[in-house]
Amino acid sequence: MNTNHSNSIITFFRAIMTVVLMAFCMTTYATDQESDIFLDNGKKYDLYVNWGHPSPLQVLYIRTDTESPFRSYSTGNYRGHVATWQVSDSALYLVSVDSRFHFGGTGTYWPNDSTRIDTMAEPAFFGIQSLSGAAPGKDGSVFADWFSGVLEVTPTYQDLKNGTSEEWVRYLYFRNGKMWKDVTVLPKDWEKMKDFKKKYKKDPDLMEKYQMVYLNQCYLSYYLRSGLAHDQVIFGGHQGRFPTRDFRPMLLLLYDNDPLQFPFSWENFKKNGAPVCTWIIQNDSIFLTQVMLQSGLDLFEYEEESVKLSDLFRPERIVNKRVFAFWMNGEFVVEYGKEEEDMFGMKQMKVDRRQTITLDSGRVVKMEWSPSAFEE
């Protein structure tokens, strides 16, 4: 992670001041989500989860490109679970999962064989295991080697309400389940950051905290934009879109859904964002023609920056300014329609047609329309 260039400091400062305002706009239009639980020395803390900040358990299903077996049970918990986590020997472990609705991974919202549970169970109950196949601990905890990103730990609401804690934030950064950094930002640190440009050279500790806050903002931005953006596709002379895939940018299929393999992930402080792509399907093949990076924590506005195909692919892969998408496999839905403005002034597509295409190593092997799905 390259964070030592002094000419990037002002960029960091401006970014942090901006995202504070953006975060306020976000919460204005979206219900805050129920926190996960973080254990440390037997005490419980809140682990922040929100619309642009998935639970580490959600990241498991993103990484494996599978559907979560959990279903939303309230507007305050869209992910359908509350997970408990702890750090042991500098590694992240999933201790237990509390889910009020668990559908056994059937992949439908109201399956006939659904079961309702209202309990806290070990990860094995839900079939959760490490990607590496590491054996669970004696207490049933599972090494979360699928998780790379920032955990944001705070005192519980009750502790703050009772006055037994101040409003500190602890940031823990993980790469493949291993902790790389552990930084706590106190209320007094936020005050210092307001005058950061004058103080950072004399305060290495403040610089470390500042960098962690910025890293967290890049991480938040990546997942928020991944959950909002739609890739565009031209097929048969018509322009459509690929619907968002629950924090899964389509380009990340090239990188085994591992954001850290993507050159412009949150670790790239100079240039980062969620990849939003344009595709074209011709001669029963799909090609990538454009990649844009979207960043920002506002629901309505974002920054966009282009990425050259040559920054992602070897020259021989680029033919006629496009790349054959050999990595694309499985079923994908293409939506067609026209854009309309909603009550907030945001443009939304009014979908009137859907098409399912099946890809095998970038080749179209099956196409079918879905007229029964147009209940808009």
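Before any of the text, the structure's been laid out above.
Residues numbered from 1 in each chain as written. Predicted model: local features only at pLDDT ≥ 70, side-chain atom pairs only at ≥ 80, totals over all residues. Heavy atoms only, no water.

Student: Teacher, can you tell me more about the overall build of the chain here?
Tutor: Summing up its helical and strand segments, the chain has six helices and 19 strands in all. Residue burial in the chain is summarised as follows: out of 376 residues, 49% are buried. By sequence separation, contacts in the chain at least 24 residues apart represent 57% of the contacts at least 6 residues apart. (Helix = DSSP H or I, 4+ residues; strand = E, 2+ residues; numbered from the N terminus. Buried < 20%, exposed > 50% of the residue type's maximum accessible area, 1.4 Å probe, protein only. Contact = heavy atoms within 4.5 Å.)

Student: Teacher, can you tell me more about the pairing of strand β13 (residues 285–295) here?
Tutor: Two faces make up the sheet, and in a regular strand the side chains alternate between them. Among the eleven residues that make up β13, nine are buried, leaving the element largely enclosed by the rest of the structure. Pairing between strand β12 (residues 274–282) and β13: nine bridges, direction antiparallel. Counted as the bridge partner of isoleucine 281 is isoleucine 286 from β13. Hairpin remark: β12 followed by β13, antiparallel, with two residues in the connecting loop; positive phi at asparagine 283, about 50 degrees. Of the strand pairs in this sheet, β13 and strand β16 (residues 322–324) are connected by two bridges, and their pairing is antiparallel. Bridge pairing in β16 places phenylalanine 287 opposite phenylalanine 324. Two strands pair when backbone bridges link them, and β13 and strand β14 (residues 303–307) are joined in this way by five bridges, in the antiparallel orientation. (Pairing = 2+ DSSP bridges.)

Student: Before we go on, may I ask you to explain unusual backbone geometry in this structure?
Tutor: The bulk of non-glycine residues show a negative phi, and the bulk of peptide bonds are trans. In this model, serine 90 sits at a positive phi of 60 degrees, which is unusual for a non-glycine residue. With relative accessibility at 39%, the residue serine 90 sits in the partly exposed group. At asparagine 257, a residue that is not glycine, the phi angle is positive and equals roughly 55 degrees. Within the element layout of this structure, asparagine 257 appears in the loop between β11 (238–242) and β12.

Student: What's the story with the packing of aromatic side chains in this structure? I'm lost.
Tutor: Aromatic ring pairs are reported here in terms of the distance separating the ring centres and the angle at which the planes meet. If you walk through the whole model with that rule in mind, you get 21 aromatic pairs. Here the aromatic rings of tyrosine 214 and phenylalanine 269 are separated by 5.0 Å at their centres, their planes lie at 90 degrees, and the arrangement is edge-to-face. Residue tyrosine 214 is located in helix α6 (residues 204–228), and its partner phenylalanine 269 is located in the loop between β11 and β12; the two are separated by 55 residues in the primary sequence. For phenylalanine 269, a relative accessible area of 5% puts it in the buried group. An angle of 45 degrees between the planes, with centres 5.8 Å apart, marks the rings of tyrosine 336 and tryptophan 369 as tilted. Note that tyrosine 336 is positioned in strand β17 (residues 330–341) and tryptophan 369 in strand β19 (residues 363–369), a separation of 33 residues in sequence. (Phe/Tyr/Trp six-rings, centres within 6.5 Å; stacked < 30°, edge-to-face > 60°.)

Student: Would you mind going over α6 with me for this structure?
Tutor: The periodicity of an α-helix, 3.6 residues per turn, causes residues three or four places apart in sequence to face the same way. The end-to-end C-alpha distance of α6 is 36 Å, a good match for the 36 Å that 25 residues give at a rise of 1.5 Å each. With 20 of 25 residues buried, α6 is to be regarded as a mostly interior element. (Expected span 1.5 Å × (residues − 1).)

Student: What's the story with the side chain of serine 285 in this structure? I'm lost.
Tutor: Residue placement: serine 285 occurs in strand β13. Looking at serine 285, the relative accessible area reads 1%, which means it is buried. Side chain to side chain, serine 285 and arginine 363 meet in a polar contact 2.4 Å long. Sequence-distant contacts of serine 285, defined by excluding residues within four places in its chain, comprise Ile280, Phe324, Gly362, Arg363 and Val364. (Polar contact = N/O pair within 3.5 Å; in protein donor to acceptor, adjacent residues only side chain to side chain.)

Student: Would you mind showing me how to read the pattern of salt bridges here?
Tutor: Side-chain pairs of opposite charge can arise where the charged atoms are in close proximity. A complete count under the given rule lists 17 salt bridges for this structure. Its salt-bridge partner being lysine 43, residue aspartate 159 comes within 3.2 Å of it at the nearest N-O pair. Note that aspartate 159 is positioned in helix α3 (residues 157–162) and lysine 43 in strand β2 (residues 43–47), a separation of 116 residues in sequence. For aspartate 159, a relative accessible area of 14% corresponds to the buried category. Through salt bridges with shared partners, a single ionic network connects Asp65, Arg245, Asp246 and Arg248. (Salt bridge = Lys/Arg side-chain N within 4 Å of Asp/Glu carboxyl O.)

Student: Please clarify how helix α2 (residues 56–63) should be interpreted in this entry.
Tutor: For α2, a buried count of eight out of eight residues is recorded, marking the element as mostly surrounded by other parts of the structure. For α2, every residue scored as buried is listed here: Pro56, Leu57, Gln58, Val59, Leu60, Tyr61, Ile62 and Arg63. Positive phi appears at aspartate 65, one or two residues downstream of α2, with a value of about 55 degrees.

Student: Looking at this structure, how should I read empty space enclosed by the protein?
Tutor: A water-sized probe, rolled over the atoms, reveals where empty space remains. What the rule picks out here adds up to four cavities of 30 Å³ or more. In terms of lining residues, the largest cavity is bounded by 14 residues, among which Ala229, Asp231, Arg248, Pro249 and Met250 are the most central. When residues of the lining of the largest cavity are traced back to their parent elements, those giving at least two are α6 and β12. Its residues assigned to classes, the lining of the largest cavity shows seven nonpolar, three polar and four charged. (1 Å grid on protein atoms, 1.4 Å probe; cavity = no way out; pocket = protein on both sides within 12 Å on 5 of 7 lines; lining within 4 Å. Points joined across faces, edges and corners; volume = space filled by probe spheres on them. Nonpolar A, V, L, I, M, F, W, Y, C, P; charged D, E, K, R; others polar.)

Student: Help me out: how do you make sense of the side chain of asparagine 77 in this one?
Tutor: Following the sequence through the fold, asparagine 77 ends up in the loop between α2 and β3 (82–88). Overall, the relative accessible area of 0% leaves asparagine 77 in the buried class. Polar side-chain contacts of asparagine 77 include one of 3.1 Å to the backbone oxygen of histidine 81. The contact partners of asparagine 77, leaving out residues within four places of it in the chain, are Gln33, Glu34, Ser72 and Val82.

Student: Got a minute to help me understand the nonpolar core in this structure?
Tutor: Within soluble globular proteins, side chains that are nonpolar tend to cluster in buried spots. In this structure, Leu57, Trp85, Trp146, Trp279, Trp327 and Met328 are the most contacted members of the largest nonpolar core, which totals 80 residues. For this core, the element with the most residues is α6, which contributes ten residues. Apart from residues lying up to four places away in sequence, tryptophan 146 is in contact with Pro56, Leu57, Val59, Leu60, Arg63, Trp85, Leu94, Ile128, Gln129, Ser130 and Leu131. (Core = buried A, V, L, I, M, F, W, Y, C linked by side-chain atoms within 4.5 Å.)

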